[in-house]
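# Results of the structural survey
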Amino acid sequence: MELQNPFSNIIFILSFLILLVLFKIVQRWSFNNSTTKLPPGPWKLPLIGNLHQIISRSLPHHLFKILADKYGPLMHLKLGEVPYVIVSSPEIAKEIMKTHDLNFCDRPNLLLSNIYSYNATDIAFAAYGEHWRQLRKICVIELLSAKRVQSFRSIREDEVSNLVKSITASEGSVVNLTRKIFSMTNGITARAAFGKRNRHQDVFIPALEKVVVLLGRFEIADLYPSIKLLQWMTREKTKMEKLHTEIDMIAQDIIDDHRSIHKEASNDEDLVDVLLKIQQENYHSEHPLTDDNMKSIIQDMFLAGTETSSQVLLWAMSEMVKNPKVMEEAQDEVSRVFDKKEYVDETELHQLIYLKSVIKETLRLHPVAPLLVPRESRERCQINGYEIPAKTRVMVNAWAIGRDSRYWVEAESFKPERFVNSPIDFKGTDFEFIPFGAGRRMCPGISFAIPNVELPLAKLLYHFDWKLPNGMSHQELDMTEFFGITVGRKHDLCLIPTTRRL
Ligand code: HEM
């Protein structure tokens, strides 16, 4: 019988443990060298990270492009204590918003948007999950469907005709187009949402305009979420709470008014009517629609819908004034299509191929949400061999992507003809052109937005010729941007109209 070495078991166990430790060391080493490699980015200071590089006079989307040219299209920044990645190429945008979309479809929890959005229970700021899915479904199927948008046609035509009338009244003198266009877009959204113009609207819209200003600011408390004291110290928090209470009361009044008037006919249903109907139908369901949910949806329609469409219209007019040949060609097309009819309505808008290209080119050079709406990673993942930790905030620089010279010839020039026979569209599948975002969180309002831009533009070109005031030449038109929740013109667009056709 062979004698068993009394130490053999111990030796075996020890060898096993040594191997295990070695294995762990190798695993940790390879992990450090592959999966934990963060994307490149500028050097960071303790406590503030890259804040000192970001706080400059440049607009964030411009600055991020300059930095991305140096550090690459997937760039890591630390702002305060929060990790950010900035995406600046169509390829990486596709990775984020298509391949890994599920991991990047959360929104960060931010102080002011949380107050505005009933604790992030609206659509735009809600975390990804069942609640967001339910609201988004209501939005896409019931509120912003092609059929519903069509039902608002007479509202659009009416409001745009009022715009034309008010411009005609000031023919030959300087018109502040910025103010007129904002008022028209607000009018369309208000009538679509609330029905007739009503007494509350005059308070609701100015209050929301103040919200827009507050939401457009960088809030230091959001960059140091672990220091709760900062949240209590910020004055903006108190301002937002006050505005929120004011808007909430008005919106509740509007809902209650609608509740008291029972509508049978569905022809003139507005968005509040539709939401009330859904609330009644879903009363006993697992996810009933509360009054707060309704108010948050309506707010989102205004916030996401009116600023954006107005800014696109103003950028398109600015670019056409700056490029008179483009203006001429667009006017010729509108005349060709509508001269026989002698008025512009929505029935023939589909024929305005060049005008549609003008709008696309405007959205390429002036995406009104140049960094889209921030997202946040749900879990740790790898993109292009780099590690993106969980809870990293992600900004996609749609503005830089629209100027990527690998995709766009003469990227900085305004050339609508590039879109005329091109299949490239803004529906979220061509990642070199993503003014409405892409993936699960993509803008659901395209079908509502586009007629709000096409119809007024067609009418402004059909009825008027435009020139700059004070003998200014078209090259002199100032195109400086203002960065807020959307990026619009810094200075109001003031032009002199002369009538072409009544
Ligand atoms: C030209 C006009 C518009 C532009 C350029 C625009 C652009 C955008 C962008 C870039 C996003 C973020 C997408 C992302 O994170 O990938 C967004 C989200 C959103 N937009 Fe628009 N938008 C426009 C008009 C509208 C209109 C008219 C409405 C509604 C009436 C609307 C409702 C929304 C909502 C509710 C969201 C949040 C979606 C979500 O988080 O699930 N938008 N929009």
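Residues numbered from 1 in each chain as written. Predicted model: local features only at pLDDT ≥ 70, side-chain atom pairs only at ≥ 80, totals over all residues.

## Points about the overall build of the protein
Secondary structure summary: the protein contains 19 helices and 11 strands in total. Here the protein holds 502 residues, and 41% of them are scored as buried. Of the contacts made within the protein by residues no fewer than 6 positions apart, 74% connect residues no fewer than 24 positions apart. (Helix = DSSP H or I, 4+ residues; strand = E, 2+ residues; numbered from the N terminus. Buried ≥ 20, exposed ≤ 12 C-beta atoms within 10 Å, placed from the backbone. Contact = placed C-beta atoms within 7 Å.)

## Considerations on the site of the ligand
Neighbouring the ligand are 26 residues; Ala304, Gly305, Gly437, Cys443 and Gly445 lie closest to it. For the shell around the ligand, the secondary structure elements donating two or more residues are helix H15 (291-322) and helix H19 (446-463). A per-element tally of the shell around the ligand places H15 first, with seven residues. When its residues are assigned to classes, the shell around the ligand shows 18 nonpolar, five polar and three charged. (Near = placed C-beta within 6 Å. Nonpolar A, V, L, I, M, F, W, Y, C, P; charged D, E, K, R; others polar.)

## Focus: helix H16 (residues 324-338)
Between its first and last C-alpha atoms H16 spans 21 Å; for 15 residues at 1.5 Å apiece the expected length is 21 Å, and the two agree. Among the structural elements, H15, helix H17 (353-365) and H19 are those in contact with the buried residues of H16. (Expected span 1.5 Å × (residues − 1).)

## Concerning the sheet that holds strand S11 (residues 494-499)
Spatial strand order, S3-S11-S8: three strands in an open sheet with antiparallel pairing. One side of each edge strand has no neighbouring strand; the edge strands of this open sheet are strand S3 (175-176) and strand S8 (464-467). The sheet contact formed by S3 and S11 spans two bridges and is antiparallel. Counted as the bridge partner of Asn176 is Cys494 from S11. (Pairing = 2+ DSSP bridges.)

## Notes on the sheet that holds strand S1 (residues 74-79)
The strands that make up a sheet pair up through hydrogen bonds in the backbone, lying either parallel or antiparallel. Sheet architecture is open: four strands sit in the order S1-S2-S7-S4, paired in mixed fashion. Strands with a single pairing partner mark the edges of an open sheet, and in this sheet they are S1 and strand S4 (375-376). Where strand S2 (residues 82-87) and strand S7 (residues 393-396) come together, four bridges link them in parallel fashion. Following the sheet pairing, Val87 is matched in S7 by Val396.

## Description of the packing of helix H13 (residues 235-260) against helix H14 (residues 271-281)
With their axes 10 Å apart at the nearest point, H13 and H14 run at an angle of 70° to one another. Between H13 and H14, the crossing angle belongs to the class labelled roughly perpendicular. Contact with H13, carried on its side by Ile254, Ile255, His258 and Arg259, involves Val272, Asp273 and Leu276 of H14 and no other residues of that element. Taken together, the residues that form the contact of H13 with H14 break down as four nonpolar, one polar and two charged. (Axes fitted to C-alpha atoms, helices over the stretch in contact; angles between N-to-C directions. Parallel < 35°, antiparallel > 145°, perpendicular 65-115°, else oblique.)

## Side note on the confidence of the model for the protein
Put simply, the protein has an average pLDDT of 91, and 91% of its residues get 70 or more. Across residues 23-35, confidence stays below pLDDT 50; counting only partners more than four residues off in sequence or on other chains, it has three contacts. Scored by ipTM, the complex comes to 0.99, with pTM at 0.91. (pLDDT = per-residue confidence, 0-100.)

## Focus: the environment of Arg133
Checked against the element boundaries, Arg133 lands in helix H6 (residues 130-143). Classification of Arg133 as partly exposed rests on a count of 13 C-beta atoms within 10 Å. Linking Arg133 and Pro73, residues 60 residues apart in sequence, is a C-alpha distance of 30 Å.

## Overview of the environment of His350
Along the polypeptide, His350 turns up in the loop between H16 and H17. Taking the C-alpha atoms as reference, His350 lies 29 Å from His474; in sequence the two are 124 residues apart.

## Comments concerning unusual backbone geometry
You will see that Asn384, though not glycine, has its phi angle at about 55°, which is positive. Position of Asn384 among the secondary structure elements: in the loop between strand S5 (381-383) and strand S6 (386-388). Owing to 13 C-beta atoms within 10 Å, Asn384 belongs among the partly exposed residues under this scheme.

## With respect to the pairing of S1
Along S1, five of the six residues are buried, which leaves the element largely enclosed by surrounding structure. The hairpin turn running from S1 into S2, its antiparallel successor, is two residues long, and Gly80 in that turn takes a positive phi close to 65°.

## Regarding the UniProt feature "binding site: heme" (unreviewed entry) in the protein
Under the UniProt annotation, "binding site: heme" (unreviewed entry) lies at Cys443. Along the polypeptide, Cys443 turns up in the loop between helix H18 (398-401) and H19. Leaving out residues up to four positions away in the same chain, Cys443 has contacts with Phe436 and Gly437. (UniProt positions renumbered as here; feature names shortened; annotations may be inferred.)

## Considering the pairing of S11
Two elements, S8 and S11, share four bridges in a ladder whose sense is antiparallel. Across the sheet, the residue bridging to Phe464 is Thr499, located in S11.

## Quick look at the packing of H14 against H15
Helix-helix packing: each pair is described by the crossing angle between the helix axes and the interaxial distance. Running from N to C, H14 and H15 cross one another at 150°; their axes reach a closest spacing of 11 Å. As the angle between them shows, H14 and H15 are arranged roughly antiparallel. At the point where H14 passes H15, the crossing takes the right-handed sense. Of the residues in H15, those touching H14 at Leu271, Val272, Leu275 and Gln279 are Met294, Ile297, Ile298 and Met301. When its residues are assigned to classes, the contact of H14 with H15 shows seven nonpolar, one polar and no charged. (Left-handed = near helix turned anticlockwise from the far one by under 90°.)

## Concerning the environment of Phe64
Within the secondary structure, Phe64 is located in helix H3 (residues 60-71). Put simply, Phe64 and Ile181 are 117 residues apart on the chain and 31 Å apart in space, counted from C-alpha to C-alpha. Leaving out residues up to four positions away in the same chain, Phe64 has contacts with Ile86, Ser88, Asn397 and Ala400.

## Comments concerning H6
Helix length check: H6 (14 residues) gives 19 Å between terminal C-alpha atoms against 20 Å at 1.5 Å per residue, within 8%. Those residues of H6 lying buried are Trp132, Leu135, Ile138, Cys139 and Leu143. The buried residues of H6 occupy an angular sector of 125° when projected down its axis, which confines them to one face. Opposite the buried face of H6, by more than 90 degrees, sit the exposed residues Glu130 and Lys137. (Arc of directions from axis to C-beta.)

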